[in-house]
Amino acid sequence: MNTEKTIFSKIIERDIPADIVYEDDKCIVINDINPKARVHLLVIPKKPIPTLFDLSPEDKDLMGHMMLLLPQLAQAQKLDGFKTQINTGESGGQEVFHIHIHLIGE
Ligand code: 5GP
């Protein structure tokens with residue numbers, strides 16, 4: 001098993017800086033370093049789950065928590081609509097192997 005910390009775990013632990021938009025006991029939300037739109041947030045669980053393939057039933061509450069957060073974050077950014085994306089696996093375009101939801105809007 002790869003025990004190397006992901007860039008997102010390093011951000012969560014304040015080992016490296018990031019523009020943090022929101023944080024609670026379960027997740028952190030940061031501005032994407034390479035935004036694809038006016039608003040491009042990454043919603044990241046503090047638990048370092050590599051991909052959607054690695055989810056287990058005990059992660060239901062955590063994933064539900066992040067889904068419920070999305071519209072709140074969008075409203076705080078004055079968005080009346082937004083896109084979400086979860087890239088999964090190398091062939092799914094995933095670059096950072098620590099689950100995250102992209103929230104994108106203009
Ligand atoms: P993925 O392709 O894994 O779904 O997306 C990873 C995202 O993380 C990319 O949009 C990339 O710009 C962003 N990213 C990668 N490294 C960093 C970083 O160090 N800080 C921030 N804020 N975003 C990052």
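Just so it is clear, the structure is predicted and the values come from calculations on it, not from any experiment. (Residues numbered from 1 in each chain as written. Predicted model: local features only at pLDDT ≥ 70, side-chain atom pairs only at ≥ 80, totals over all residues. Heavy atoms only, no water.)

## A word on the side chain of Ser-9
Now for step 1: Structurally, the position occupied by Ser-9 is in helix 1 (residues 7-12).
Now for step 2: There is a polar contact of 3.5 Å between the side chain of Ser-9 and the side chain of His-98.
Now for step 3: Beyond its immediate stretch of four places on either side in the chain, Ser-9 contacts Pro-48 and His-98. (Helix = DSSP H or I, 4+ residues; strand = E, 2+ residues; numbered from the N terminus. Polar contact = N/O pair within 3.5 Å; in protein donor to acceptor, adjacent residues only side chain to side chain. Contact = heavy atoms within 4.5 Å.)

## Remarks on the sheet that holds strand 4 (residues 83-85)
Paired through backbone hydrogen bonds, the strands of a sheet run either parallel or antiparallel to each other.
Now for step 1: Reading across from one edge, 1-2-3-5-4 is the order of the 5 strands in this open sheet, with antiparallel pairing throughout. The open sheet has two edge strands with one neighbour each: strand 1 (20-23) and strand 4. Pairs of neighbouring strands in the sheet enclose a mean axial angle of 20°, with direction left out of account.
Now for step 2: Sheet analysis places strand 3 (residues 39-45) next to strand 5 (residues 101-105), joined by 5 bridges and oriented antiparallel. Opposite Val-39, over in strand 5, you have Gly-105 as the bridge partner. (Pairing = 2+ DSSP bridges. Axes fitted to C-alpha atoms, helices over the stretch in contact; angles between N-to-C directions.)

## Describing the pairing of strand 5
Now for step 1: Burial of strand 5 is extensive: 5 of the 5 residues sit out of reach of the surface.
Now for step 2: Neither face of strand 5 is exposed, since Ile-101, Leu-103 and Gly-105 on one face and His-102 and Ile-104 on the opposite face are all buried.
Now for step 3: Strand direction decides the pairing type here: strand 4 and strand 5, joined by 3 bridges, are antiparallel. For Gln-85, the partnering residue across the bridge sits in strand 5 and is His-102. (Buried < 20%, exposed > 50% of the residue type's maximum accessible area, 1.4 Å probe, protein only.)

## A short note on the site of the ligand
Now for step 1: Inspection of the region around the ligand gives 16 residues, with Asp-32, Glu-95, Val-96, His-100 and His-102 positioned closest.
Now for step 2: The contact in question runs from a nitrogen atom of the ligand to an N or O atom on the backbone of Ile-33, over 3.3 Å.
Now for step 3: Between Asn-87 and the ligand, the recorded distance is 2.9 Å, taken from a side-chain N or O atom to an oxygen atom.
Now for step 4: Notes on the ligand: free accessible area 520 Å², of which the protein chains cover 86%.
Now for step 5: For the shell around the ligand, the secondary structure elements donating two or more residues are helix 1 and strand 2 (27-31).
Now for step 6: Looking at which element gives the most residues to the shell around the ligand, the answer is helix 1, with 3 residues. (Near = heavy atom within 4 Å. Areas by Shrake-Rupley, 256 points an atom, 1.4 Å probe, with all protein chains shown as cover.)

Nothing here speaks to function; it is all geometry.
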